[in-house]
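What follows is the residue order along each chain.
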Amino acid sequence: NFVVDVTRNVTEAAEHDGPNIIETIDSDIVFSNVRFDRGERNILRDINLRIPRHQTIGIVGESGAGKTTFFNLLTGLLEPSDGAITVADHDYRTLKRSSLRKLIGYVPQDPVIINDTIANNICLYACDPENPDCRAKIVAAAAAANCETFLESTPDGLDTMVGDRGMRLSGGQRQRIAIARELFKDPELLIFDEATSSLDGQAEAYVQDSIDKLHGQRTIVIIAHRLSTMRRCDWLYVFENGTVIEQGGFNELYAQSNSAFRRMCEQQGVRPLEVA
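Now for a quick tour of the structure. Predicted, not measured: the structure shown is a model, and the values here were computed from it.

So, how was this worked out
Residues numbered from 1 in each chain as written. Predicted model: local features only at pLDDT ≥ 70, side-chain atom pairs only at ≥ 80, totals over all residues. Heavy atoms only, no water. Phe/Tyr/Trp six-rings, centres within 6.5 Å; stacked < 30°, edge-to-face > 60°. Lys NZ or Arg CZ within 6 Å of the ring centre and 35° of its normal. Salt bridge = Lys/Arg side-chain N within 4 Å of Asp/Glu carboxyl O. Helix = DSSP H or I, 4+ residues; strand = E, 2+ residues; numbered from the N terminus. Pairing = 2+ DSSP bridges. Core = buried A, V, L, I, M, F, W, Y, C linked by side-chain atoms within 4.5 Å. Buried < 20%, exposed > 50% of the residue type's maximum accessible area, 1.4 Å probe, protein only. Contact = heavy atoms within 4.5 Å. Disulfide = S-S within 2.5 Å. Axes fitted to C-alpha atoms, helices over the stretch in contact; angles between N-to-C directions. Parallel < 35°, antiparallel > 145°, perpendicular 65-115°, else oblique. Left-handed = near helix turned anticlockwise from the far one by under 90°. Nonpolar A, V, L, I, M, F, W, Y, C, P; charged D, E, K, R; others polar. Lys, Arg positive; Asp, Glu negative; His and termini not counted.

**Regarding the packing of aromatic side chains**
For the coordinates displayed, the defined rule picks out 5 aromatic pairs. Among the aromatic side chains, those forming a connected cluster through ring pairs are Phe-31, Phe-70 and Phe-239. Here Lys-137 stacks its cationic end above the ring of Phe-184, 4.5 Å away from the centre of that ring. It is Arg-262 that lies over the ring of Tyr-254; its NZ or CZ is 4.2 Å from the centre.

Structure below.
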């Protein structure tokens, strides 16, 4: 009976795959009345938002606001308890999840860096960096991620060994390699999850330049508590206690003196670029 119960529990907990394969994200991603519950606890509710193709969208909120759960829903790691997430006229529930995730790039706060060359950290052994076609693709990804400035100062460029967990690199350099790694895969949706929260001001500026170079070329979602990374976003959604309480452009939200967004900006000493 124990084996039967365990097997049943594992089967019920397994991810449910749909039959439809998505080959491109050529339209907006839309959350419609999305709710997510964990047991009897409500985590997200009444989430109505749109992520337009090739725009940069910011997801803002204090710790516990629901940003991580939103990320898990966006990537298909969780299913809504109610409501729907759609892309290209497909409900997420009908999609084969692996086909969706092939189109997504993810840059976390603390990326994994392997004790190998920068080139192999970018391509992750998908091809041989000595092969001209592979090398060209690595170089293009590194350039798009704004890696050229620090590659010139390394002893062997892309062939430089980075050390255990990238110990020979700065935090900003590791993040730019992580961005290049995702760009090497040519994703259509690129998600930055607190990607600059542990960096100092100069390192953050380098990474922000990398993100800015991608503006308008890919659909980008930036999930962050640190609001200095949000100033060039096309649109922001402010989360609080599991729901969206405000939305708009950075300057528009900042101009509302009684808004939660303005309060967070003042706490962090962040102002719009025009008056910074």
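**Section: the pattern of salt bridges**
One pass over the structure, following the stated rule, counts 12 salt bridges. With a shortest N-O distance of 4.0 Å, Arg-165 and Asp-164 are connected by a salt bridge. Close ionic contact of Arg-232 with Asp-212 constitutes a salt bridge, the shortest N to O distance being 3.0 Å. A residue pair is termed long-range when its members are at least 10 positions apart, and Arg-232 in the loop between strand 8 (219-224) and strand 9 (235-240) and Asp-212 in helix 8 (residues 201-213) qualify at 20 residues. Three or more residues are tied together by salt bridges with common partners; here these are Arg-35, Asp-37 and Asp-82.

**Points about the sheet that holds strand 1 (residues 29-38)**
The 4 strands lie next to each other as 2-1-4-5, forming an open sheet whose pairing is antiparallel. Where the open sheet ends on each side, the last strands, each with one partner, are strand 2 (41-51) and strand 5 (90-91).

**Observations concerning the nonpolar core**
A general feature of soluble globular proteins is that nonpolar side chains tend to end up buried together. Formed by 45 residues in total, the largest nonpolar core has its most connected members in Ile-122, Phe-192, Met-230 and Phe-261. The element contributing the most residues to this core is helix 7 (residues 171-184), with 6 residues. Among residues more than four places away in sequence, those in contact with Met-230 are Gly-58, Ile-59, Val-60, Ile-222, Ile-223, Ala-224, Leu-236 and Phe-250. By size, the runner-up hydrophobic cluster in this structure holds 32 residues, among which are Ile-22, Ile-25, Leu-44 and Ile-191.

**Side note on the state of the cysteines**
The final tally for this structure, using the stated rule, is 1 disulfide. Disulfide pairing is shown between Cys-127 and Cys-134; the S-S distance is 2.0 Å. With the S-S dihedral at roughly 65 degrees, the linkage between Cys-127 and Cys-134 falls on the right-handed side. A residue is classified by how much of its surface remains accessible, and Cys-127, at 27% relative accessible area, is partly exposed. Cys-265 forms no disulfide, and the closest cysteine sulfur to it belongs to Cys-233, at a distance of 12 Å. For Cys-265, a relative accessible area of 0% puts it in the buried group.

**A few points about the packing of helix 5 (residues 132-144) against helix 7**
Packing of helix 5 against helix 7 brings their axes to within 8 Å, and their N-to-C directions diverge by 130 degrees. Comparing their axes, helix 7 and helix 5 come out oblique. For helix 5 against helix 7, the interelement crossing comes out right-handed. In this structure, helix 5 contributes Cys-134, Lys-137, Ile-138, Ala-141, Ala-142 and Ala-144 to the contact, and helix 7 contributes Ala-180, Leu-183 and Phe-184. Counted by class, the contact of helix 5 with helix 7 contains 8 nonpolar, no polar and 1 charged residues.

**Re the side chain of Arg-181**
In this fold, Arg-181 is placed in helix 7. Glu-182 provides the closest opposite charge to the buried, unpaired Arg-181, separated from it by 5.3 Å. Discounting residues that sit within four places of it in the chain, Arg-181 has contacts with Val-112, Ile-113, Asn-121, Ile-122 and Leu-124.

**Overview of the packing of helix 7 against helix 8**
Helix-helix packing is characterised by the crossing angle of the two axes and by the distance between the axes. Across the interface, helix 7 lies against helix 8 with an axial gap of 9 Å and an inter-helix angle of 15 degrees. By the angle class used here, helix 7 and helix 8 are roughly parallel. Where helix 7 crosses over helix 8, the two elements pack in a sense that is right-handed. The segment helix 7 lies against helix 8, with Gly-172, Gln-175, Arg-176 and Ile-179 engaging Ala-203, Tyr-206, Val-207 and Ser-210. When the residues that make up the contact of helix 7 with helix 8 are grouped by side-chain class, the tally is 4 nonpolar, 3 polar and 1 charged.

**Examining unusual backbone geometry**
Phi angles above zero are rare outside glycine, and Asn-33 is one such case at about 50 degrees. Despite not being glycine, Asp-186 shows a phi value in the positive range, around 55 degrees. Its location among the elements puts Asp-186 in the loop between helix 7 and strand 7 (189-193).

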